[in-house]
Amino acid sequence: MESPVSPTEVVQAQPQEILAAFGVDAKQGLSDRQVSRQREKYGWNRLEVAKQRGAGAIFIDQFKSPIIALLAVAAVLAFAFQEWIEGIAVGIAIALNAVIGFTTELRAVKSMESLQQLSQTHAKVRREGQVKQVGADELVPGDLVVLEGGDMVPADIRLITASNLQADESALTGESLPASKITEPVEADLSLAEQTNRIFKGTAITRGSAEGIVTATGMETELGHISSLAAQAGGEQTPLEQRLDQLGRRLIWVTLVIATIVAVSGIVQGKDLVLMVETAIALSVAAVPEGLPIVATVALARGMWRMAKQNALISRLSAVETLGSTSIICTDKTGTLTQNRMTVSQIVVDAGTVQVGGDGSFELAGQGIDPQQHNAVQQLLQVAVLCNNAELQDPDAPDHHTIGDPMEIALLNVGQQAQMHRGEVRSHLPEEREVAFDPDIKMMATVHSAENGYWVAVKGAPEAVLERCTHYLADEGRQALDAGSRDRWQQRLRETAEAGLRVLAFATKTVAAAEADPYADLMLLGVVGLEDPPRQGVKDAIKACHQAGIRVVMVTGDQQITARNIGLAVGLVSDNEAQALSGKALKPLDDLTEQNRQELQQVSIFARVSPEQKLNLIALHQADGAIVAMTGDGVNDAPALQKANIGVAMGQRGTQVAQEAADMVLQDDSFATIVAAVAQGRAIFRNIRQFTLYLLSGNTGEIIAVAVASVLNAPLPLLPLQILYINAVNDVFPALALGLGEGDETMMQRPPRKGNEAVLTQDHWIAIALYGLLIAATTLGAFAIALQVWQLDSTEAVTISFMTLAFGRLWHIFNMRSRGTAVFNNEVTRNPYVWGALGICTLILLAAVYAPGLSDALGTTGLSWRSWGLVFGASLIPLVVGQLGKVLFERKKKQ
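Residue numbers restart at each chain and count upward from 1, following the sequence in its written direction. pLDDT decides what is reported in this predicted model: residues at 70 or higher carry local features, side-chain atom pairs at 80 or more are listed and counted, and totals for whole chains, interfaces and linings draw on all residues regardless. Hydrogen atoms and water are omitted, and side-chain values are computed over all heavy atoms in the structure.

### As for the overall build of the chain
Phase 1: Helix and strand assignments follow DSSP, with helices taken as H or I runs no shorter than four residues and strands as E runs no shorter than two, numbered in order from the N terminus. The number of helices and strands found in the chain is 32 helices and 28 strands.
Phase 2: Whether a residue is buried, partly exposed or exposed follows from its accessible area with a 1.4 Å probe, protein chains only, as a fraction of its type maximum: under 20%, in between, or over 50%, in that order. Across the 895 residues in the chain, those meeting the buried criterion constitute 56%.
Phase 3: In the chain, once contacts between residues fewer than 6 apart in sequence are set aside, the share between residues at least 24 apart is 72%.
Phase 4: Carbon and sulfur atoms make up 54% of the accessible area of the chain, which amounts to about 37,600 Å² in all. Residue contacts are defined here by distance: any two heavy atoms, one from each residue, within 4.5 Å place the two residues in contact. Here the Shrake-Rupley method, with its probe set to 1.4 Å, supplies the accessible areas, and only the displayed protein chains count as covering residues.

As structure tokens, this is what we get:
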């Protein structure tokens, strides 16, 4: 439902015209009857909250994998032919995957829900001629809201009256400084940051008081529009999900072809129909690595738990891996790269520029100084702490917090660094009068009792203060501010501003009467440069990203000069000539030429960027094949967090909207944690690739062995249940051990994978075929020796081929070491889980031969020492040949 006043009319009309349009009396407010009518018309003042997946949806999602679907079909066929053991074995594999995935993702959702718990906010409104407190969701368009410092803005409001009002709109606009507000009309078609007669839902009042009329509620607010953008942006399927789905679909076709060939060839050759159907089902199961979804889920869950210990909360398992393939990180500036806290970095006096260190040091011309012993610096800091309305509370208090404008808080902090506490200074110079900050003249003043009259402290915009000054303070004392010295000071002001600093000027004078004009004939003391400093560790984190081949792009709503200098400070760009590009250049893809696209893809800093332009930037890089991660904490980041392949929100400073849109929440708000997440993601993908290669090469050996015997009309070297037993053992424990590996130290020194790179490349498929042939050959060779050379009965011969295949697959795990690593000292041999898996699997395989009942079900028998010698001799051949092949390949590559 549209408001009776359009957004253009809201900013252009006079306050009385707005009141008249809503039919509201400024002294009475809405009546209860009007409130009821407005609520029926516009609804409640609530945003549409993103619904978390329920337990049922999470459970169902565990069965959507193509591999799980194929296993389910195999289980159904087994039960249809009354092969209960085979059916139950496959069912257990499906159930294990579902339980692990369900438990892990449900825990993640519950963690996110606890993080996002917010208390009900309230608002003070004027209704029926009285000011009363109501729930913020009860507000309706036309309500008169009363606000003061510290209040959260409950709706979009057009100001009617305002006194020294400032609002923190950083979460909405990206501006790190509070915005001063007025009641006068402004031009239409301005950005939110420039609509100075409006305040917006979700922002906070930092100073002053005001009364305004609600012009929009709920989803019609600017916050609501951004929430809608986030919903419309939609989520991108992660690269790992895409690759595993592709692999699953390929395996389905491979399985169907193999099962059909084996079944048909056996039936044509006159073999038992039921046996061939059972064998076809067993081979179908063998072709599909049951352990793949289980181990992939556990590996991702393990990575998720590791990240949680490092203060990163993951909402989806596959999001961990996707960070590993990230090629571009688009990051907000305020609160992400910077601290969202103003600090004084420079004090410019006539003698030069004093550098203020974070450790409390003050340096002039490279030499440390005592600010209380330097006349100009001492007087300037005295003005800074006295002409100030902020409050610093006891840092040891349990509810310690600061109150006031961030720049004034920064001035009090630098005063404390200089041991000039306001209470002590005021005891010598008690305040007699304050002249509040006037937006028109951009200055404020305080008047203090002094021994020789009244001491006036003035601070304000540099150009305004300099215009009122007739003198300046030099080392020699009070000097006339003539044309030459005025030009010199203006040049110094420009240099400070061009360094990307916020600049305030300070002046003073002594008068005979407290009521004298505070702004006439001032003496300039100097200026202060303030900045929102970079967060600790950000520079090193960005350097690590660059080493890992990841581009970092700053996307902020702040000014271009500020963004550029932060980019230089954190090492985002190294060229002093580098400039920040305006967000206006980020048009929809269809409106850009190919040259425009290429030029924009090389830009590292964008400033004055709107939520829509952030979406355009992400779409630009995604269209080029990049995997894009977006970090941010504000409401204005939410659509981009949703659109990016991976959205990363801040947990401490982040808004609820941003956290709901993100795939990962950094609970310590540290950009450096992202680097750890990238490393973890790369390790996980490498682990997934290793155990997928291990599983498929081993399963391929089974398939080739049985298929060759079937086609040649020879006895089968493996029984259907034995195939399932080997898969249940080898497809879980060794593969799981590989999935839990820590990775190696060189992972972050290589560029990211291409976004469309498959889990298994062409080289990996060739390796799978070669390993499979090697494993099948040794299995069939051992079977032929036992059956034809040694003339053993079929049960013992099948047991020998069964054990040869099983142990051959176990030793094959050592062939999974990375190229270039040592034979005996590598990431596989150093993995304690690998040795544990080998021990467990050995016991389980021995039980298959010697455990009563189990050996009968599997059709095995005890073996002699000679037979065991054949088993271990043959099973070691794939390992020895595999290691020799790696060594020869590595030597050839070096040559």
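That shown, we press on.
### What to know about the packing of aromatic side chains
Phase 1: Note on ring pairs: Phe, Tyr and Trp rings are taken, using the six-membered ring of Trp, and paired if centres are within 6.5 Å. Classes follow the plane angle, with under 30 degrees stacked, over 60 edge-to-face and the rest tilted. Under the criterion given, the structure shown has 7 aromatic pairs.
Phase 2: Cluster of aromatic residues (ring-pair linked, three or more members): Phe807, Trp811, Tyr850, Trp868 and Phe872.
Phase 3: When the NZ atom of lysine or the CZ atom of arginine is within 6 Å of a ring's centre and also within 35 degrees of its normal, the charge is said to sit over that ring. Just above the ring of Trp489 sits the side chain of Arg492; from NZ or CZ to the centre is 4.9 Å.
Phase 4: Residue placement shows Arg866 over the ring face of Trp790; its charged tip is 3.9 Å from the ring centre.

### Remarks on the confidence of the model for the chain
Phase 1: Looking at the chain as a whole, its pLDDT mean stands at 83, while 86% of the residues score no less than 70.
Phase 2: Considering only residues more than four positions removed or in separate chains, one finds that residues 111-119, a stretch of pLDDT under 50, has 15 contacts.
Phase 3: The pLDDT score gives, residue by residue, the confidence of the prediction method on a 0 to 100 scale. Predicted confidence is poor over residues 233-237, with pLDDT under 50, and the contacts of this stretch with residues over four places away or in other chains come to 15 contacts.

### Some points on unusual backbone geometry
Phase 1: Here Asn164, not a glycine, exhibits a phi torsion of approximately 50°, which is positive.
Phase 2: Take Asn164: it is sitting in strand β4 (residues 156-168).
Phase 3: Residue classification places Asn164 among the partly exposed residues on the basis of a relative accessible area of 31%.
Phase 4: In this structure, Asp521 takes a positive phi of about 55° despite not being glycine.
Phase 5: Along the chain, Asp521 falls in the loop between β21 (502-511) and β22 (522-531).

### As for the nonpolar core
Note on soluble globular proteins: their nonpolar side chains tend to be buried together.
Phase 1: Membership of the largest hydrophobic core comes to 108 residues, with the highest contact counts inside it found for Ile542, Met664, Phe671, Phe691, Ile800, Met803 and Phe807.
Phase 2: Element by element, the count of residues in this core is highest for helix α24 (residues 672-711), at 15 residues.
Phase 3: The next biggest cluster of nonpolar side chains, apart from the first, holds 39 residues, and it includes Val344, Ala376, Ala390 and Trp455. Working definition of a nonpolar core: buried Ala, Val, Leu, Ile, Met, Phe, Trp, Tyr and Cys residues. They are joined through side-chain atoms within 4.5 Å.

### Overview of helix α29 (residues 832-850)
Phase 1: Given a helix with a known number of residues, its expected span is that number minus one, times 1.5 Å. For α29, with 19 residues, the first-to-last C-alpha span of 28 Å sits near the 27 Å given by 1.5 Å per residue.
Phase 2: Next to the buried residues of α29 lie α25 (720-730), α26 (733-739), α28 (794-811) and α30 (854-858).
Phase 3: The opening residue of α29, the one whose side-chain oxygen lies 2.9 Å from the backbone nitrogen of Tyr833, is Asn831. Distance and chemistry together define a polar contact, namely a pair of N or O atoms within 3.5 Å, with one atom able to donate a hydrogen and the other to accept it when in protein, and with adjacent residues in sequence counting only for side-chain atoms on both sides.

### Here's the deal with the packing of helix α27 (residues 762-789) against α28
Phase 1: Axis definition: a line fitted to C-alpha atoms, over the contacting stretch in the case of helices. Angles run 0 to 180 degrees between N-to-C directions. Running from N to C, α27 and α28 cross one another at 155°; their axes reach a closest spacing of 8 Å. Comparing their axes, α28 and α27 come out roughly antiparallel. Crossing of α27 against α28: the hand is right-handed. Seen from α27, the contacting residues are Ile775, Thr778, Thr779, Ala782, Phe783, Ala786 and Leu787; seen from α28, they are Ser794, Ala797, Val798, Ile800, Ser801, Thr804 and Leu805.
Phase 2: We call Asp, Glu, Lys and Arg charged. Ala, Val, Leu, Ile, Met, Phe, Trp, Tyr, Cys and Pro are nonpolar, and the rest, Gly among them, are polar. Each residue belonging to the contact of α27 with α28 can be placed in one class, and the counts come to 9 nonpolar, 5 polar and no charged. What sets the label is the angle itself: under 35 degrees gives roughly parallel, over 145 gives roughly antiparallel, 65 to 115 gives roughly perpendicular, and the rest give oblique. Handedness of a helix crossing follows the sense of rotation of the near helix relative to the far helix, less than a right angle counterclockwise being left-handed and clockwise being right-handed.

### Some remarks on the pattern of salt bridges
Phase 1: Salt bridge, as used here, is a side-chain nitrogen of Lys or Arg placed within 4 Å of a carboxyl oxygen of Asp or Glu. The final tally for this structure, using the stated rule, is 13 salt bridges.
Phase 2: The partner of Glu702 in a salt bridge is Arg809, with the nearest N and O atoms 2.5 Å apart. Of this pair, Glu702 sits in helix α24 while Arg809 sits in helix α28; the two residues are 107 residues apart in sequence, bridging distant segments of the chain.
Phase 3: Given a relative accessible area of 0%, Glu702 falls into the buried group.
Phase 4: On the basis of relative accessible area, Arg809 is assigned to the buried category, the value being 0%.

### Re the packing of α27 against helix α32 (residues 877-894)
Phase 1: Look at α27 against α32: their axes get within 9 Å of each other, and the N-to-C directions meet at 150°. Comparing the axis directions of α27 and α32 gives the class roughly antiparallel. For α27 against α32, the interelement crossing comes out right-handed. Seen from α27, the contacting residues are Tyr771, Leu774, Ile775 and Thr778; seen from α32, they are Ile877, Pro878, Val881, Gly882 and Lys886.
Phase 2: Residues that form the contact of α27 with α32 fall into these classes: 6 nonpolar, 2 polar and 1 charged.

### Section: the environment of Ala806
Phase 1: Assignment of secondary structure puts Ala806 in helix α28.
Phase 2: A C-alpha to C-alpha distance of 9.2 Å links Ala806 and Cys841, two positions 35 residues apart in sequence.

### Focus on the sheet that holds strand β24 (residues 581-582)
Phase 1: Ordered in space as β8-β28-β27-β26-β9-β23-β25-β24, the 8 strands form an open sheet in which the pairing is mixed. Edge strands, defined here as strands with exactly one partner in the open sheet, are β8 (312-314) and β24.
Phase 2: With 2 bridges connecting them, strand β23 (residues 551-555) and strand β25 (residues 605-607) associate as parallel partners. Across the sheet, residue Val555 finds its bridge partner in β25, namely Phe606. Each pair of strands is called paired provided DSSP finds at least two bridges between the two strands.

### Concerning the pairing of strand β27 (residues 646-650)
Phase 1: For β27, the buried fraction is high: 5 of the 5 residues fall into the buried class.
Phase 2: Two elements, strand β26 (residues 628-632) and β27, share 4 bridges in a ladder whose sense is parallel. Looking at the pairing, Gly632 lines up with Ala649 of β27.
Phase 3: Pairing between β27 and strand β28 (residues 664-666): 3 bridges, direction parallel. Considered in β28, the bridge of Met650 is made with Leu666.

### Looking at the pairing of β22
Phase 1: Most of β22 is tucked away: 9 of the 10 residues are buried.
Phase 2: Bridge count between strand β10 (residues 343-349) and β22: 5 bridges; the pairing is antiparallel. Note on β22: the bridge partner recorded for Gln346 is Gly529.
Phase 3: Across 3 bridges, strand β19 (residues 469-474) lies against β22 in parallel orientation. Bridge pairing links His471 to Met523 in β22.
Phase 4: Pairing analysis gives 7 bridges linking β21 to β22, with the strands arranged antiparallel. Following the sheet pairing, Phe506 is matched in β22 by Gly526.

### Brief notes about the side chain of Arg689
Phase 1: For Arg689, the position within the fold is in helix α24.
Phase 2: Among all residues touching Arg689, those that are not within four sequence positions of it are Glu757, Ala758, Val759, Leu760, Thr761 and His764.

### With respect to the side chain of Thr221
Phase 1: Topologically, Thr221 is positioned in the loop between β7 (204-216) and α8 (222-233).
Phase 2: Side-chain polar atoms of Thr221 contact the backbone oxygen of Gly218, separated by 2.7 Å.
Phase 3: Here Thr221 is in contact with Leu47, Asp156, Lys201 and Ala216, once residues within four sequence places are set aside.

### Description of a nonpolar patch on the surface
Phase 1: In this analysis, a patch consists of residues with relative accessible area above 30% that form no salt bridge, clustered at 9 Å for like charges and at 5 Å for the nonpolar side chains Val, Leu, Ile, Met, Phe, Trp and Tyr. A contiguous nonpolar surface patch, about 490 Å² in accessible area, is contributed by Phe79, Trp84, Ile88, Ile92 and Leu96.
Phase 2: For the nonpolar patch, the element with the highest residue contribution is helix α6 (residues 84-115), accounting for 4 residues.
Phase 3: Taking the relative accessible area as the measure of exposure, Trp84 reaches 48% and is therefore partly exposed.

### Overview of the environment of Leu641
Phase 1: Tracing the chain through its elements places Leu641 in helix α22 (residues 638-643).
Phase 2: Look at Leu641 and you get buried, because its relative accessible area is 0%.
Phase 3: Between the alpha carbons of Leu641 and Ala658 there is a distance of 7.1 Å; along the sequence they are 17 residues apart.
Phase 4: Ignoring anything within four residues of it in the chain, the contact list for Leu641 reads Met630, Thr631, Gly632, Gly647, Val648, Ala649, Ala658 and Ala661.

### Brief notes about helix α13 (residues 375-386)
Phase 1: Along its 12 residues, α13 runs 17 Å from first to last C-alpha, staying within 8% of the 16 Å computed at 1.5 Å per residue.
Phase 2: Of all 12 residues in α13, 11 are buried; the element is thus mostly enclosed.
Phase 3: Listed as buried for α13 are Ala376, Val377, Gln378, Gln379, Leu380, Leu381, Gln382, Val383, Ala384, Val385 and Leu386.

### Quick notes on the environment of Ala204
Phase 1: Within the secondary structure layout, Ala204 lies in strand β7.
Phase 2: Separated by 38 residues in sequence, Ala204 and Gln166 place their C-alpha atoms 8.7 Å apart.
Phase 3: Those residues in contact with Ala204, other than ones at most four positions away along the chain, are Asp151, Met152, Val153, Gln166, Ala167 and Asp168.

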